[in-house]
Amino acid sequence: MAAGCCGVKKQKLSSSPPSGSGGGGGASSSSHCSGESQCRAGELGLGGAGTRLNGLGGLAGGGSGSGCTLSPPQGCGGGGGISLSPPPSCGVGTLLSTPAAATSPSPSLSSAASSSSPGSRKMVVSAEMCCFCFDVLYCHLYGYQQPRTPRFTNEPYPLFVTWKIGRDKRLRGCIGTFSAMNLHSGLREYTLTSALKDSRFPPMTRDELPRLFCSVSLLTNFEDVCDYLDWEVGVHGIRIEFINEKGSKRTATYLPEVAKEQGWDHIQTIDSLLRKGGYKAPITNEFRKTIKLTRYRSEKMTLSYAEYLAHRQHHHFQNGIGHPLPPYNHYS
């Protein structure tokens with residue numbers, strides 16, 4: 001399942017399908033997941049490890065640069081004949097609990113924004129996680145042996161890795177999974193998936209490294225809600241599940257920051273997700289009420305390439321990094 005989390009282009013939202021386009025890309029399911037061309041996803045909280053999502057709204061696998069649509073992976077989506085009915089329960093139930101263990105983020109690089117509930121626990125996400133993602137990408141692009149096992153926690157979390165580029169921080173790749181993965185292997189996998197296999201973009205190159213920003217998002221506090229409006233813009237990410245006009249089950253998601261960055265209200269966000277999920281019929285309020293919605297929060301940390309270099313130069317010896325460090329003037 002790809003989730004359009006960041007760098008979403010403005011969409012023209014209406015109750016009728018966009019002319020000539022039918023719902024945006026992202027409804028296709030391709031063999032590689034999470035890099036936009038990946039779709040081996042499962043239901044939220046139910047799918048096996050490896051459910052890949054565009055970190056901005058949809059299933060990795062196709063689509064415009066406006067987020068990510070969750071389309072069912074091969075063999076994962078409903079066939080015809082599924083009756084359209086409202087969510088079975090109206091209570092708010094926790095779908096996915098998060099590990100109790102937590103580590104505090106690096107105090108020197110706390111340029112992160114967190115959507116997790118304030119004061120409840122220490123943040124798990126850290127600058128070191130972003131550094132590790134840069135390490136993995138750097139080693140891959142230059143043919144070095146992959147970095148050693150990092151020292152941050154290896155607890156399992158649903159996660160997204162997002163790449164942006166340039167002064168205007170344009171989206172360059174965003175893919176993740178709703179299946180909880182151990183952080184060491186999960187970040188390693190989705191670093192390369194989001195950088196190289198997001199079908200909206202060509203694979204990253206060495207020349208782009210100095211202009212990159214890396215964000216790691218850890219997803220927490222999953223809750224099923226009965227009312228599709230029962231979530232807060234800028235606080236909750238949302239995942240919707242619906243039955244399209246052909247009777248097939250479709251899903252789509254946006255990370256917590258997307259709606260706020262786009263200036264969308266609840267209805268605009270829901271309608272955008274429906275279109276990204278491939279729904280082409282007119283969107284009515286009655287249809288919106290049939291959507292099954294899950295809300296969640298995230299912890300997010302962002303680091304620029306320059307911050308990564310500074311951090312690595314400072315901690316090189318004590319961290320025992322097993323590959324050559326990129327010098328400050330590497331691209332000068």
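Residues numbered from 1 in each chain as written. Predicted model: local features only at pLDDT ≥ 70, side-chain atom pairs only at ≥ 80, totals over all residues. Heavy atoms only, no water.

- The name recorded for the protein in an unreviewed UniProt entry is Nuclear protein AMMECR1 isoform X1, from Odocoileus virginianus.

## Considerations on the overall build of the protein
Inference 1: Tallying secondary structure elements over the protein gives six helices and nine strands in all.
Inference 2: Counting every position in the protein, which comprises 332 residues, the buried fraction comes to 56%. (Helix = DSSP H or I, 4+ residues; strand = E, 2+ residues; numbered from the N terminus. Buried < 20%, exposed > 50% of the residue type's maximum accessible area, 1.4 Å probe, protein only.)

## What about the packing of helix α1 (residues 127-142) against helix α2 (residues 183-196)?
Inference 1: The interhelical angle for the contact between α1 and α2, taken along N-to-C directions, is 55°, at an axis separation of 9 Å. Classified by the interaxial angle, the pair formed by α1 and α2 is oblique. Once α1 is placed against α2, the crossing between them reads as right-handed. Of the residues in α2, those touching α1 at Met129, Phe132, Cys133, Val136, Leu137 and His140 are Leu183, His184, Leu187, Arg188, Thr191, Leu192, Ala195 and Leu196. (Axes fitted to C-alpha atoms, helices over the stretch in contact; angles between N-to-C directions. Parallel < 35°, antiparallel > 145°, perpendicular 65-115°, else oblique. Left-handed = near helix turned anticlockwise from the far one by under 90°. Contact = heavy atoms within 4.5 Å.)

## Side note on the pattern of salt bridges
Inference 1: Counting across every chain of the model gives 12 salt bridges.
Inference 2: Between Asp230 and Arg295 there is a salt bridge whose closest N-O contact spans 3.1 Å. Here the residue Asp230 occupies a position in the loop between β6 (212-225) and β7 (237-243), and Arg295 occupies one in strand β9 (residues 292-304), the gap between them amounting to 65 residues.
Inference 3: Arg295 sits in the buried class, given a relative accessible area of 13%.
Inference 4: Lys300 serves as the salt-bridge partner of Glu257, at 3.1 Å between the closest nitrogen and oxygen. (Salt bridge = Lys/Arg side-chain N within 4 Å of Asp/Glu carboxyl O.)

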